[in-house]
Amino acid sequence: MESLKKGWRNLSVRRFFMLSVLLTAGIVVFFSILIIFGCSSFRHWLLPDENAAYLVVEETLSDGSVVTGEYLLGFGEDLSSIPELRIEGSGKLDYDDVNQLKYSLKKIEKSFDSLSPKRKLAYQVSGAAMVAAPAALAFIGIIWCSLFFYRKKLKQPLELLAGATDKIMEQNLDFELAYDCADEMGALCQSFEKMRQALYENNRQMWEMLEERRLLQASVAHDLRNPIAITKGYAEYLYTGMQRGDMDREKTCRIAKNLTMAAKRLEQYTDSVRQLNQLEEIKPDKKQVPVMKMTETVTEDLFLLAEQEGIDLKVVNHLPDCEIQIDFAVLCRILENIMSNALRFAKTQIILTFSMSGHILSITVEDDGEGFSPWIKEKKKKAFLAHGEDGHLGIGLAVSRILCQKHGGSLELANTKNGACVKFFLEV
């Protein structure tokens, strides 16, 4: 029974509708035939038998009066079974008083006009029922078929879709639209659920982006306070010293140099924020690039940077000798940002690992520094690092993460037993 019910549910809407119509039509035809047959039989019963006749007996009595009587005879009936005739109002017939006895047959006409008024009414009603009943059954069948089809195939999915639409209008995407039926309405509900999931994911990414922007703005505002405070302090010190007249040339040059450094830091922060805003408009320009030539070119520059900082750079290459589709400029920019952070925190060594799985290029940068702070690990999905003691804004990972997303990949932060680890993926 359960399998039959499930089979009905999984029928396509078109097939279910056709079967519902055929089933309804069969029921209507069946009961219409029964009604027509019953009414026809009843009408036939109301009409006289066309094979019957009346035996008319006419007696002329001795006093000259005439008495008649009738007896209904069926076709082929034995006349010996006819009972003794009785004349209405005269009791038993005394044949000694009968002068003349005549017999005649009167055929019964099978006609509506021969019926009594009550039988005529019954005949007419049954005739009207033969026409009206099938029409009424057809109308009822259409209504029933429509309600049955709506209740079984349309009511539940339409209610689910209407409820889901109301929730989306209320900006509530935290729900699931489930309709377990393998028909067109089930496919529609699945498509609606996929749309909801896509909207939910887009909203989640948008809120994460807004949160990142908010935190980034707070970070920039925090970083700007230091050079602004330094500039303000040196300006006040310079003004006070000049008023007292105790400012020599050496102090003035030192203050001017510090003010210049603070101005450069302000300029650096401004350029970093402008750079982040411009990243939203970047579209990677992927080109066919030989893997070996790519890694050789990238590592050559990185070896130079590591040598300048006195850090040992170790490269582990697991890439096959083939060509991939990649934006080389984006790759270089990401690696330079990550290596810049790694060189700042590494003690003696950095390990750079290249690998690929399918169409995903994976690059890992590990250093032997102190690793990411608990705040960074808690916010590892955010765009940027905490502020360093050297006043560095730490915006490199923000740029790298956005570029990875633009290239169809992602960026992950983690700590190892030896230090920090940054791993990013690019679709190639």
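Before going into details, it helps to say that this report is about the structure given with it. (Residues numbered from 1 in each chain as written. Predicted model: local features only at pLDDT ≥ 70, side-chain atom pairs only at ≥ 80, totals over all residues. Heavy atoms only, no water.)

**Focus on the nonpolar core**
In plain terms, the rule: Only buried residues count toward a nonpolar core, which is a set of Ala, Val, Leu, Ile, Met, Phe, Trp, Tyr and Cys residues joined through side-chain atoms within 4.5 Å. Here the term buried applies to any residue with accessible area under 20% of the maximum for its type, exposed to any over 50%, and partly exposed to those in between, with areas from a 1.4 Å probe on protein chains only. What counts as a helix is a DSSP run of H or I of at least four residues, what counts as a strand is a run of E of at least two, and both are numbered from the N terminus. Contacts are assigned to residue pairs that have any heavy atoms within 4.5 Å of one another.
Counting residues in hydrophobic clusters, the biggest one holds 39 residues, and the most contacted among them are I326, L331, L335, I350 and F424. Put simply, the parts of the chain that give this core at least two residues each are α6 (291-309), β8 (323-326), α7 (328-345), β9 (349-357), β10 (360-367), α9 (396-406), β11 (410-415) and β12 (420-427). The biggest single contributor to this core is α7, with nine residues. If near-sequence neighbours (up to four positions away) are discounted, I326 is found in contact with D285, K286, K287, V289, M294, L331, L361, H407, L426 and V428. Ranked by size, the runner-up nonpolar core spans 14 residues in total, among them F148, F149, L177 and C181.

**Considering the environment of T353**
Looking at the secondary structure, you find T353 in strand β9. When the C-alpha atoms of T353 and V315 are compared, they prove to be 5.9 Å apart, with 38 residues separating the residues in sequence. With near-sequence residues (within four places) excluded, T353 lies in contact with V316, H318, S362, I363 and T364.

**Remarks on the packing of helix α2 (residues 13-46) against helix α3 (residues 117-169)**
The condition that has to hold: Between N-to-C directions, angles cover 0 to 180 degrees, with each direction set by a line fitted to C-alpha atoms, over the stretch in contact for helices. The labels follow the angle: roughly parallel below 35 degrees, roughly antiparallel above 145, roughly perpendicular from 65 to 115, and oblique for the rest. Should the near helix be turned anticlockwise from the far one by less than a right angle, the crossing is termed left-handed; should it be turned clockwise, right-handed. Three classes are used: nonpolar for Ala, Val, Leu, Ile, Met, Phe, Trp, Tyr, Cys and Pro, charged for Asp, Glu, Lys and Arg, and polar for all others, with Gly counted as polar.
Put simply, α2 and α3 touch, their axes get as near as 9 Å, and they point 170° apart. Between α2 and α3, the crossing angle belongs to the class labelled roughly antiparallel. The two elements α2 and α3 meet at a crossing, and its hand is right-handed. Residue composition of the contact of α2 with α3, grouped by class: 25 nonpolar, seven polar and four charged.

**Some details on the sheet that holds β10**
Note on sheets: strands pair through backbone hydrogen bonds, and any given pair is parallel or antiparallel. Keep this limit in mind: Should DSSP find at least two bridges between two strands, the strands are taken to pair.
Ordered in space as β7-β9-β10-β12-β11, the five strands form an open sheet in which the pairing is mixed. Each having just a single partner strand, β7 (312-317) and β11 make up the two edges of the open sheet. Taking each pair of neighbouring strands and ignoring which way they run, the sheet shows an average axis angle of 15°. Bridge analysis of β10 against β12 gives seven bridges, and the strand direction is antiparallel. Looking at β12, one finds that E366 is bridged to C421. Seen against the sheet, α6 touches β7, β9 and β10 and runs at an angle of roughly 165° to β7.

**What to know about the side chain of D183**
Put simply, the rule is: By the criterion applied in these results, polar contacts are pairs of N or O atoms within 3.5 Å in which, for protein atoms, one can donate a hydrogen and the other can accept it, and in which residues neighboring in sequence qualify only through two side-chain atoms.
Position of D183 relative to the elements: it lies in the loop between α3 and α4 (184-244). At 2.9 Å, the side chain of D183 and the side chain of K153 are in polar contact.

**Here we look at a nonpolar patch on the surface**
What counts, and what does not: Candidates for patches are residues over 30% relative accessible area with no salt bridge; among them, like charges are joined within 9 Å and nonpolar side chains (Val, Leu, Ile, Met, Phe, Trp, Tyr) within 5 Å. Only the protein chains shown count as cover for residues, and the accessible areas themselves come from Shrake-Rupley with a 1.4 Å probe. For this document, the term salt bridge refers to a Lys or Arg side-chain nitrogen within 4 Å of an Asp or Glu carboxyl oxygen.
On the surface, L23, I27, F30, F31, L34 and W144 cluster together into a nonpolar patch covering about 580 Å² of accessible area. Ranked by residues supplied to the nonpolar patch, first place goes to α2 with five residues. When you line up the elements, F31 lands in helix α2. Look at F31 and you get partly exposed, because its relative accessible area is 42%.

**Things to note about the packing of aromatic side chains**
How two aromatic rings sit relative to each other is given by the distance of their centres and the angle of their planes. Keep this limit in mind: Centres within 6.5 Å are what make two rings of Phe, Tyr or Trp a pair, Trp counting through its six-membered ring; a difference in plane orientation under 30 degrees is then read as stacked, over 60 as edge-to-face, and the rest as tilted. We call a charge positioned over a ring when the NZ of a Lys or the CZ of an Arg lies within 6 Å of the ring centre and within 35 degrees of the ring normal.
Per the stated rule, a full pass over the model turns up six aromatic pairs. Where F30 meets F31, the ring centres are 5.3 Å apart and the plane angle is 80°; that geometry is what we call edge-to-face. Between W144 and F148 the ring centres are 5.1 Å apart and the planes differ by 10°, which places this aromatic pair in the stacked class. Of this pair, W144 and F148 both sit in helix α3, four residues apart, roughly one helical turn. Residue classification places F148 among the buried positions, given a relative accessible area of 17%. Of the aromatic side chains, those joined through ring pairs into one cluster are F16, F17, W144, F148 and F149. R43 extends its terminal NZ or CZ atom over the ring of Y123, reaching a point 3.7 Å from the ring centre. Positioned over the ring face of W45 is R119, at 4.9 Å from the centre of the ring.

**Quick look at the environment of M261**
Inspection of the secondary structure assignment puts M261 in helix α5 (residues 249-279). The spacing of M261 and I230 is 31 residues in sequence and 9.9 Å in space, taken between C-alpha atoms.

**A few points about α2**
Every α-helical turn comprises 3.6 residues, leaving residues that sit three or four positions apart pointing alike. Inclusion rule: A helix is expected to span 1.5 Å multiplied by its residue count minus one.
In this model α2 runs 49 Å from its N-terminal to its C-terminal C-alpha over 34 residues, within 8% of the 50 Å that 1.5 Å per residue would give. Within the sequence span of α2, burial applies to V13, F16, S20, T24, V28, S32, C39, R43 and L46.

**Quick look at unusual backbone geometry**
Of note, the phi angle at Q171 is positive, near 65°, even though the residue is not glycine. Positionally, Q171 belongs in the loop between α3 and α4. Given the relative accessible area of 74%, Q171 is considered exposed.

**With respect to the pattern of salt bridges**
Evaluated as defined, the whole model comprises four salt bridges. The residue D183 makes a salt bridge to K153 at a minimum N-O spacing of 2.9 Å. Remark: K153 occurs in helix α3 and D183 occurs in the loop between α3 and α4; sequence separation between them is 30 residues. Given a relative accessible area of 6%, D183 falls into the buried group. One salt bridge in this structure joins K287 and D285, with 4.0 Å as the shortest N-O distance.

**Describing α7**
The end-to-end C-alpha distance of α7 is 26 Å, a good match for the 26 Å that 18 residues give at a rise of 1.5 Å each. Two or three places before A329, at the start of α7, stands the capping residue D327, its side-chain oxygen 3.2 Å from that residue's backbone nitrogen.

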